[in-house]
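# Chain and residue survey
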Amino acid sequence: MVEQVRKLLEKRVESVAELENLRQSILGKRDSSRTCISVCGGTACRASGAEAVVDAFIDEIERRELQITVELKETGCHGFCERGPVVVIRPKRIFYQRVKPEDIPEIISETVLGGNIIERLLYVDPATNERITYEPDVPFYKKQTRTIFSANGEIDPTDIEDYIAMGGYSALSKALVQMSPEEIIEEVKKSGLRGRGGGGFPTGRKWQSCRDAEGDVKYVICNADEGDPGAYQDRSLLEGNPHSVVEGMIIGAYAIGSHKGYIYVRNEYPLAVRHARIAIEQAMDYGLLGEDILGSGFDFTVTINKGGGAFVCGESSALMASLEGKIGEPRAKYIHMSEKGLWDNPSLLNNVKTWANVPLIINKGAEWYSQIGTAGSKGTMIFSLVGNINNTGLVEVPMGITLREMIYDIGGGIPNGKKFKAVQTGGPSGGCIPEQYLDTPVDFDELTKLGSMMGSGGMIVMDEDTCMVDVARYFIEFLKGESCGKCTPCREGLNRMSEILNRITQGKGKQEDLDTLEDLAGILSGGALCALGQTAANPVLSTLHYFRDEYVAHIDEKKCPAGICRELIQYSIDPEKCEGCLRCLRACPTGAISGEKRKPHTLNQDMCIKCGACYDVCKFNAVIRQ
Amino acid sequence: MELVLDFPKVKAIVESYTEKVDSLIDNYADKKEQLISLLQDVQAEFNYLPRDVLIKISQKLDIPVSQVFSVATFFRAFSLKPRGRHLVTVCLGTACHIRGGQRLVDKLERDYRIKPGETTEDLRFSLETVNCLGCCALGPVAVVDGKYESKMNPDKLDRVLRGYK
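For clarity, every value in this text was computed on a predicted model and none was experimentally measured.

### Focus: the overall build of chain A
The secondary structure content of chain A amounts to 26 helices and 19 strands. Taken over C-alpha atoms, the radius of gyration comes to 27 Å for chain A, in line with the 25 Å a tight globule of 626 residues would show. C-alpha atoms of chain A, sized along the principal axes, occupy 90 × 65 × 40 Å. With 626 residues in all, chain A has 54% of them scored as buried. Once local pairs closer than 6 in sequence are excluded, the contacts in chain A between residues at least 24 apart make up 72%.

Structure below.
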């Protein structure tokens, strides 16, 4: 009796049967018909004011004494960041967007108590002008296939019982009790899962080589150093469903015979760090981490390490150097990290999304998993659809969907009636894909064929106002700053490329610069030590290939067709359109604009620093940029 | 004005500083490999990495000074110089870049005469850039003392900053 009470207090589950009992008791306490208000608490919605919305709900629920009938949940990222803060009211899944604290009393009285829909807060489909009431009907969600991302909008990431209630840790039970490590690896191999961090290496093969590697001590590492600008799906998973990542790691550790794991996460993601930490503590309390997990005799613990803000640390050998407390320099990988990695021990490193796929594969089987996707790329992928796009957000789609479907059907197309120019995939090491390839199916191999890559899943849409030379310059500048400096091709090559690109964007480029860029690109891809340098030239090569005319315009005509490169543009005021409102005159930081009220203003070119302040404030489109 | 040094007070400040430093380092007594985490704790406490603390870390944890400094200067999250009262971080991730993030930096360079990584003379603002904060829907984004300011333009940012003295 005393022993039972102690166990109950300790929450620890000691066997698979006890975990099932716990799950049933949690489910028994829950009423699925009860109203549940879930507020998206991802970083983007928080930045739009989600915390104030949560506070307002708490106050209103208390004021009306509805604590028993209404449940309030702050969940992880729902993915539709463009319309944040997002609120979903279950069980009907009524979808309200851009909710403000002032709306809360009305939501409670009208929708929760009265059963009425508040039209004002509904999402309006820009294509049809139709108001959409329920979450699954919103076009942004409709075309998605959510598997690893499915629970994000439903569970409270800081409550392990939510995860357990929806079947969490059942894959771990299955793996520990019904499967041998070899069978687990076989299943992962059969599923066709490939590394989701960008490389696309077959996950099962990596696991196998780490299991086969000699050594008593082995490590399991989760790479959450998501450095690609414009990609944030790893953060959202770790924020919104950290237990799925932890569960995947435990299964991986059991399969290769490791007892120690690390999550290496970016310092810039404080919420992800906090949620992962809470998840690990709770898993320890419940006996799902620690010693003798579920009575299987298997021990495993996980530690969180925060990165120091170095992009190169997303590379496996640099990440491990940084875990050892050293600077994040990569090393040549004649010997794979799966054989000699962290402190020279065999180390299994996978991306956040890869780990989150593992419980699904174990639970539903390799056969189910391999039905999703294309011949060479199985499963789903989460992309972050950002840039000049109507529906910015995270989308999970089966491999093989076309770029056009993603950008137009899910992303809602390009805002402000602008024309599509290119989509950049694969982060700084990826490439820009022009319009004629929009019907290409997206998977690891197809994107590589186009001179880009899958990368971590960033997808940046660019409209006609984007200068492709400037984009190439931006990425090279980025990589120059992030190059660790260890190997010469990357350190020097990127510096030279940056000089040339800066020169071109300033109108001082020469025709032969383009050949030099291509030469340097060849040296980088052939001679650099790690993937950062080897792929660094992709943005230059792909823009040179698809948008060479823009380079030529900068060099020959000294013009930036998109009107971005500051040295090559000129601002002027159209006297026909200028109403003389003084707005630009006040905004100009250098006093280059003169004029009187209600009379057309003039701009003194000698004083203009081309900051664009006048262009921004003009209400009459009278400021011309060309 | 005659300068009167209040010795007990100075002594108390020095002691509490030393105590703080010691307790931070002692948390990592047998964990040399967690140098980066220790430096993050030090920076969180003092806003930058004071030189004497780095030397003390080297002595107490028996790590060569050169290694402590190499780590402290390699990662962009660390600053060896004192930072301002308010930290302005401008996101220059790709999505923010194509929506005009650089123009926010240009504005600060012009108005406050600071480049990324620098601090104004009056220690009012430090300016940093970051490669992506992962809230691309809200770009261009600037963060002032941890508060996210979304859909910024140079003019809006200026109005926001006026609230920070």
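Here the narrative resumes, following the displayed structure.
### Re the environment of N351 of chain A
All names here are of chain A. Locating N351 in the fold gives a position in strand 10 (residues 347-351). Residues N351 and G198 lie 153 residues apart in sequence; the distance between their C-alpha atoms is 8.7 Å. If near-sequence neighbours (up to four positions away) are discounted, N351 is found in contact with G195, R196, G197, N223 and D234.

### So, the sheet that holds strand 12 (residues 393-398) of chain A
All names here are of chain A. As summarised here, the arrangement of the five strands in space is 12-11-15-13-14, forming an open sheet in which the pairing is mixed. Where the open sheet ends on each side, the last strands, each with one partner, are strand 12 and strand 14 (431-434). Neighbour-to-neighbour, the strand axes of the sheet open up by a mean angle of 30 degrees, direction not taken into account.

### Observations concerning the interface of chain A and chain B
Listed as interface residues are 45 residues of chain A and, on the opposing side, 36 residues of chain B. Residue assignment for the side of chain A that touches chain B shows that the elements contributing at least two residues are helix 3 (43-47), strand 9 (301-306), strand 11 (380-387), strand 15 (458-463), helix 19 (468-482) and helix 26 (613-617) of chain A. The residue makeup of the side of chain A that touches chain B, split by class, is 18 nonpolar, 20 polar and seven charged.

### Digging into the domain arrangement of chain A
What the domain assignment reports for chain A is domain 1 (32-142), domain 2 (160-370), domain 3 (380-463), domain 4 (468-557) and domain 5 (570-625). Inter-centroid distance (C-alpha atoms) of domain 2 of chain A to domain 5 of chain A is 56 Å.

### Quick look at the sheet that holds strand 4 (residues 147-149) of chain B
Residues and elements named next belong to chain B. Taking strand neighbours across the sheet as the criterion, the four strands line up as 2-1-3-4 in an open arrangement whose pairing is mixed. Among the strands making up the open sheet, the edge pair consists of strand 2 (125-130) and strand 4. Taking each pair of neighbouring strands and ignoring which way they run, the sheet shows an average axis angle of 25 degrees. As judged from the three bridges shared by strand 3 (residues 142-144) and strand 4, these two strands associate in the antiparallel manner. Residue pairing in the sheet places A142 in a bridge with E149 of strand 4. Strand contacts of helix 6 (residues 101-112): strand 1 (86-91), strand 2 and strand 3, with the helix running at about 145 degrees to strand 1, the strand carrying the most contacts.

### Quick word on the packing of helix 10 (residues 203-212) of chain A against helix 12 (residues 242-256) of chain A
Residues and elements named next belong to chain A. The interhelical angle for the contact between helix 10 and helix 12, taken along N-to-C directions, is 45 degrees, at an axis separation of 8 Å. Regarding the angle of helix 10 to helix 12, the classification is oblique. On helix 12, the residues touching W207, C210 and R211 of helix 10 are G252, A255 and I256. Across the contact of helix 10 with helix 12, the residue classes tally to four nonpolar, one polar and one charged.

### Observations concerning the domain arrangement of chain B
For chain B, the assigned domains are domain 1 (7-74) and domain 2 (86-161). Using only C-alpha atoms to locate each centre, domain 1 of chain B and domain 2 of chain B end up separated by 29 Å.

### Structural notes on the packing of helix 19 of chain A against helix 23 (residues 538-546) of chain A
All names here are of chain A. Packing of helix 19 against helix 23 leaves a shortest axis separation of 8 Å and a crossing angle of 170 degrees. As summarised for this structure, helix 19 and helix 23 are arranged roughly antiparallel, according to the angle between their axes. Across the interface between the two elements, M468, V469, V471, A472, F475 and I476 of helix 19 pack against P539, V540 and T543 of helix 23. Among the residues making up the contact of helix 19 with helix 23, the classes are represented as eight nonpolar, one polar and no charged.

### Overview of the environment of I26 of chain A
Residue and element names in this part refer to chain A. You can see I26 is positioned in helix 2 (residues 16-29). Taking the number of C-beta atoms within 10 Å as the measure of exposure, I26 has 15 and is therefore partly exposed. On a C-alpha basis, the gap between I26 and K353 in space is 27 Å, while along the polypeptide they are 327 residues apart. Apart from residues no more than four positions distant in its own chain, I26 is found in contact with E161, I164 and A165.

### Brief notes about helix 23 of chain A
Residue and element names in this part refer to chain A. Of all nine residues that make up helix 23, eight are buried, and the element is covered over most of its length. Within the sequence span of helix 23, burial applies to N538, P539, V540, L541, S542, T543, L544 and Y546. Residues of helix 23 that are buried in the fold lie against strand 14, helix 19, helix 20 (488-505), helix 21 (511-527) and helix 24 (548-557).

### So, unusual backbone geometry
Of note, the amide linkage connecting R90 of chain A to P91 of chain A takes the cis form, showing an omega dihedral of 5 degrees. Here P91 of chain A shows up in the loop between strand 3 (87-90) and strand 4 (94-96). Following G139 of chain B, the chain continues to P140 of chain B via a peptide bond in cis, the omega torsion being -5 degrees. One non-glycine residue, Y169 of chain A, lies in positive phi territory at about 65 degrees. Relative to the helices and strands, Y169 of chain A is located in the loop between helix 7 (160-165) and helix 8 (170-178). The phi dihedral of D62 of chain B falls on the positive side, at around 55 degrees, and the residue is not glycine.

### A few points about the confidence of the model for chain A
For chain A, mean pLDDT is 92; residues scoring 70 or higher make up 98% of the total. The secondary-structure element of chain A with the lowest mean pLDDT is helix 1 (residues 2-10) of chain A, recorded at 57, while helix 12 of chain A shows the highest, at 98.

### Topic: the pairing of strand 8 (residues 260-265) of chain A
Residues and elements named next belong to chain A. With five of six residues buried, strand 8 is to be regarded as a mostly interior element. Relative to strand 8, strand 7 (residues 219-224) is paired through six bridges, and the arrangement is parallel. Along strand 8, the bridge assignment pairs I221 with Y262. Here six bridges tie strand 8 to strand 9, and the two strands are oriented parallel to one another.

Cut-off values and rules
- Residue positions are given per chain, counting from 1 as you read along its sequence in written order.
- Whichever chain is written first becomes A and whichever ligand is written first becomes 1, with later ones labelled in order.
- Local features in this predicted model are restricted to residues of pLDDT 70 or higher, and side-chain atom pairs are both shown and tallied only at a pLDDT of 80 or more, whereas totals for entire chains, interfaces and linings draw on every residue.
- For helices the rule is a DSSP run of H or I covering at least 4 residues; for strands it is a run of E covering at least 2, with both sets numbered from the N terminus onward.
- Each radius of gyration reported is based on C-alpha atoms, and the globular scaling rule is 2.2 Å times the count of residues to the power 0.38.
- Note on burial: count the other C-beta atoms lying within 10 Å of the residue's C-beta; 20 or more is buried, 12 or fewer is exposed, in between is partly exposed, and C-beta positions come from the backbone.
- With C-beta atoms placed from the backbone, a contact is any residue pair whose C-beta atoms sit within 7 Å.
- Only strands joined by at least two bridges in the DSSP assignment are considered to pair.
- Under this scheme, a helix contributes an axis fitted over its contacting stretch, all axes are lines through C-alpha atoms, and angles between N-to-C directions fall in the 0 to 180 degree range.
- For this classification, Asp, Glu, Lys and Arg are treated as charged, while Ala, Val, Leu, Ile, Met, Phe, Trp, Tyr, Cys and Pro are nonpolar and the rest, including Gly, are polar.
- These domain limits were set by an automatic method or by a database of domain assignments.
- Note that the term roughly parallel is reserved for angles under 35 degrees, roughly antiparallel for angles over 145, roughly perpendicular for angles of 65 to 115, and oblique for everything else.
- A score between 0 and 100, pLDDT records how confident the predictor is in each residue.

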